[in-house]
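Read off the chains here:
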Amino acid sequence: MVHFVGAGPGAADLITLRGARLLSEADVIIYAGSLVNPALLEGRKEGCAVYDSASMTLEEVIAVMEKAEAEGRTTVRLHTGDPSLYGAIREQMDLLDERGIGYDVTPGVSSFSGAAAALEAEYTLPDVSQSVIITRMAGRTPVPEGEALSKMASHGCTMVLFLSTGLLEEVERELMAGGYAPDAPAAIVYKATWPDQKVCRCTVATLARTAREHQISKTALITVGGFLGDRYERSKLYDPSFAHGYREASK
Ligand code: SAH
C-alpha cells in the first residue's frame, strides 16, 4: 500500500493527525526534500528507509514503491502542502494503477492557507472578493493559453500565485495588463509557517523590487487583491439584522 500524504506548508506540527500516524507506521518514506520539513522524519520507525525525491525521476520513485510493495512493506509518499496542488501525484497514481498497487491520499494544509495565516488575512472578504484564483506564471513549465496570467487577473479577485517568484517582472506586467492598478495591494509570503517565514507587503508594481530587497527568489507565494486592503463589508452571517436557519434577526 502507498499512502500519499500532505506534509503541510512547513511547520512540523501542521501535518494532520492521520498523516503523522501514517508516517510513524511507514516502512519506506519518499519525501520531497526541497520543500518538506525534515523534522517530520524524526518520528519514523526504526529501520524505515528514507528517500529524497528531489533528485529522483518519476520512474525511480515508482521503482522504490514497487519494490516495497513486493516485500509487503508500506510506503508514505510525502508531498509538501496539499498533494493535490502542483504535487504531480496523478502520474504516480496512474503508474500504480497499471501495476495493481493500491494507494490512498491524505490531504494536507496547503501553503496558500499557511500564507493567509501569516498575513492574518481572509481571502474572501464580503464586497471585495468571493473567489480565489490559484495559479502560476508560465515559465519553463507552460500554462494552458486560456489561463494566461493577464486573463486570470481580469477578474480582479483574490489571486495566489505558486511557483512564480523567479518571474516577478513578468508577473507585474501580466497583472497590470489584466487590469490591476500598479498600486493594488500585493504581498510576498516566503516560507509560510517555517521559523524563517517572511511577510513582505507591497503593491503589484513593486513585487519584483520587494523580492530583490528581501533576497527572496523561491519558496514564496505571491498574493494579490483587495483582501489585503482596508475596505470591506461586514458579513451577513453575523449581522444582528440578518436572520438565517440558526438564528433569528435581533433587531
Ligand atoms: N502542494 C504544495 C505546493 C507545491 S508547489 C502546497 O499545497 O502548498 C511548490 C511551490 O509552493 C513553491 O514554489 C512555492 O511557490 C509554494 N510553497 C510551498 N511551500 C511554501 C511555503 N511554506 N511558503 C510559501 N510558499 C510555499
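Residues numbered from 1 in each chain as written. Predicted model: local features only at pLDDT ≥ 70, side-chain atom pairs only at ≥ 80, totals over all residues. Heavy atoms only, no water.

Trainee: Give a detailed account of the overall build of the protein, specifying residues and quantitative values.
Mentor: On a plain count of helices and strands, the protein comes out with seven helices and ten strands. Summarising its shape, the C-alpha atoms of the protein cover approximately 65 × 50 × 35 Å along the three principal directions. Going through the 251 residues of the protein one by one, you find that 43% of them count as buried. Sequence-distant contacts, at least 24 apart, represent 66% of the contacts inside the protein between residues at least 6 apart. For the protein, the distance from the average site of its 24 positive side-chain charges to the average site of its 33 negative ones is 3 Å. (Helix = DSSP H or I, 4+ residues; strand = E, 2+ residues; numbered from the N terminus. Buried < 20%, exposed > 50% of the residue type's maximum accessible area, 1.4 Å probe, protein only. Contact = heavy atoms within 4.5 Å. Lys, Arg positive; Asp, Glu negative; His and termini not counted. Charge placed at Lys NZ, Arg CZ, Asp CG, Glu CD.)

Trainee: How would you explain the pairing of strand β8 (residues 185–190) if you had to name every residue and give the values?
Mentor: With five of its six residues buried, β8 lies for the most part within the structure. Judged from the six bridges that link them, β8 and strand β9 (residues 198–203) form a sheet pairing that is antiparallel. Bridge pairing in β9 links A186 to C202. Direction of pairing for β8 relative to strand β10 (residues 220–224): antiparallel, over a ladder of five bridges. Paired with V189 across the two strands is L221, which belongs to β10. (Pairing = 2+ DSSP bridges.)

Trainee: Residues and numbers for the environment of R21, please.
Mentor: Inspection of the secondary structure assignment puts R21 in helix α1 (residues 17–25). What makes R21 partly exposed here is its relative accessible area of 42%. Each C-alpha atom, one on R21 and one on K191, is 25 Å from the other, the two residues being 170 residues apart in sequence.

Trainee: Break down the pairing of strand β2 (residues 28–31) for me, with residues and values.
Mentor: What you see with β2 is no split at all: V28 and I30 on one side and I29 and Y31 on the other are buried throughout. Note that β2 and strand β3 (residues 49–52) share four bridges and pair parallel. Within β3, the position partnered with I30 by the bridge is Y51. Across four bridges, the pairing between β2 and strand β4 (residues 75–79) is parallel. Along β4, the bridge assignment pairs Y31 with L78.

By themselves, these figures tell us nothing about what the structure is for.
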